[in-house]
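Summary of the model geometry
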Amino acid sequence: MKYKGIRKINEGHFITRFDVDYETEDGQSKVYEMISRKKDITSLEELRGDKPDAVVLILTNMSGDRILVNREFRMASGSWVMNFPAGLIDEGEDAETAAARELREETGLILKEIDDIIGLSYSAVGFSNEMNVCVVGKCDGTIRKSDSSFEEIEAAWYTKEEIRELLKTERFAARTQAFLYMWSRS
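Residues numbered from 1 in each chain as written. Predicted model: local features only at pLDDT ≥ 70, side-chain atom pairs only at ≥ 80, totals over all residues. Heavy atoms only, no water.

Details of the overall build of the chain
Check the secondary structure of the chain and you find four helices and ten strands. Element order for the chain, N to C, with α for helix and β for strand: β-β-β-α-β-β-β-β-α-β-β-β-α-α. Structurally, the chain occupies a C-alpha span of about 55 × 35 × 30 Å along its principal axes. Here the chain, with 186 residues, has 39% of them falling under the buried criterion. Partitioning the contacts of the chain with sequence separation of at least 6, the portion at a separation of at least 24 is 56%. With an accessible surface of roughly 10900 Å², the chain has 51% of that area assigned to carbon and sulfur atoms. (Helix = DSSP H or I, 4+ residues; strand = E, 2+ residues; numbered from the N terminus. Buried < 20%, exposed > 50% of the residue type's maximum accessible area, 1.4 Å probe, protein only. Contact = heavy atoms within 4.5 Å. Areas by Shrake-Rupley, 256 points an atom, 1.4 Å probe, with all protein chains shown as cover.)

Right, dumping it as structure tokens:
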């Protein structure tokens, strides 16, 4: 595949749509439609990026026997979806700061330990170059309602047995579903 260029099609408040022009191995010209958190992309290097846009929080309680999962209404699917707490990294924040802030905003909980930060991954590589990092650790406190009127989030703690049952009946974000399947089997 040979990259030819990128064109901005439409700029929204949170995402921008681009067309990526490329040529296939057999010489056919093609256009790939995509969205990005970035407002302006003019090169392949900018398209690839090198910094996360968001954090995903994979957190257990202090004893490690329960995992935190949000049930949230997602407008793009028109339904409630099970997902790890997550959110955008604000200008000037690092992943650790964004993780603590997002956790507090979405659940009222306090980030107590960071055991690992898993490197860059794509949120939805089929149509977006949005990248995130996963912050793995422990949190504590009392769950409360999200402090955002723009998000409908119900956070809760789940055991491995409860997760195995939820995996049979609920809709999940793919990354959350995959991780929880493995976690519930360990």
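A word on the environment of D50
Relative to the helices and strands, D50 resides in the loop between α1 (44-48) and β4 (54-60). Under the relative-accessibility criterion, D50 is labelled exposed at 59%. Along the primary structure D50 and P85 are separated by 35 residues, whereas in three dimensions their C-alpha atoms are 23 Å apart.

Here we look at the pattern of salt bridges
Applying the stated rule across the entire model yields 19 salt bridges. The shortest N-O distance in the salt bridge between K138 and D115 comes to 3.5 Å. Linking K138 in strand β9 (residues 131-140) with D115 in strand β8 (residues 110-122), this pair joins segments that are 23 residues apart in sequence. Ionic pairing is found between E165 and K168, a salt bridge with its closest N-O pair at 3.2 Å. (Salt bridge = Lys/Arg side-chain N within 4 Å of Asp/Glu carboxyl O.)

Thoughts on the packing of aromatic side chains
Summed over the entire model, instances satisfying the criterion amount to two aromatic pairs. Ring geometry for F73 versus W80: centroids 5.8 Å apart, planes at 75 degrees, classification edge-to-face. Judged by relative accessible area, which is 26%, W80 ranks as partly exposed. Between F84 and F179 the ring centres are 5.7 Å apart and the planes differ by 70 degrees, which places this aromatic pair in the edge-to-face class. (Phe/Tyr/Trp six-rings, centres within 6.5 Å; stacked < 30°, edge-to-face > 60°.)

So, the pairing of β9
A large share of β9 lies buried, amounting to eight of its ten residues. As judged from the seven bridges shared by β4 and β9, these two strands associate in the parallel manner. Residue pairing across strands places A54 opposite N132, the latter belonging to β9. The pairing of β8 with β9 spans nine bridges and is classified as antiparallel. What sits directly across from I110, in β9, is D140. (Pairing = 2+ DSSP bridges.)

Concerning the side chain of T159
Looking at the secondary structure, you find T159 in the loop between β10 (153-158) and α3 (160-169). When sequence neighbours within four positions are dropped, the list of residues in contact with T159 reads D65, R66 and W183.

Regarding a nonpolar patch on the surface
Residues F14, I15 and L88 make up a contiguous nonpolar surface patch of roughly 260 Å² in combined accessible area. Structurally, the position occupied by I15 is in the loop between β1 (2-11) and β2 (16-23). Residue classification places I15 among the partly exposed positions, given a relative accessible area of 37%. (Patch = residues over 30% accessible without salt bridge, like charges linked within 9 Å, V, L, I, M, F, W, Y side chains within 5 Å.)

Re helix α2 (residues 95-107)
Every α-helix winds through 3.6 residues per turn, so residues three or four apart in the chain are directed the same way. The terminal C-alpha atoms of α2 lie 18 Å apart, and with 13 residues this matches the ideal 18 Å at 1.5 Å per residue to within 8%. Within the sequence span of α2, burial applies to A95, A98, A99, R101, E102, L103, E106 and T107. Tucked inside the fold, the buried residues of α2 contact β4, β5 (67-74), β7 (86-88), β8, β9 and β10. Within two residues after α2, G108 carries a phi angle of roughly 80 degrees, on the positive side. (Expected span 1.5 Å × (residues − 1).)

A closer look at the pairing of strand β3 (residues 29-36)
Here eight bridges tie β2 to β3, and the two strands are oriented antiparallel to one another. If you follow V20 over to β3, its bridge partner there is Y32. Here β2 folds back onto β3, and the loop between the two strands holds five residues, one of which, G27, carries a positive phi near 90 degrees.

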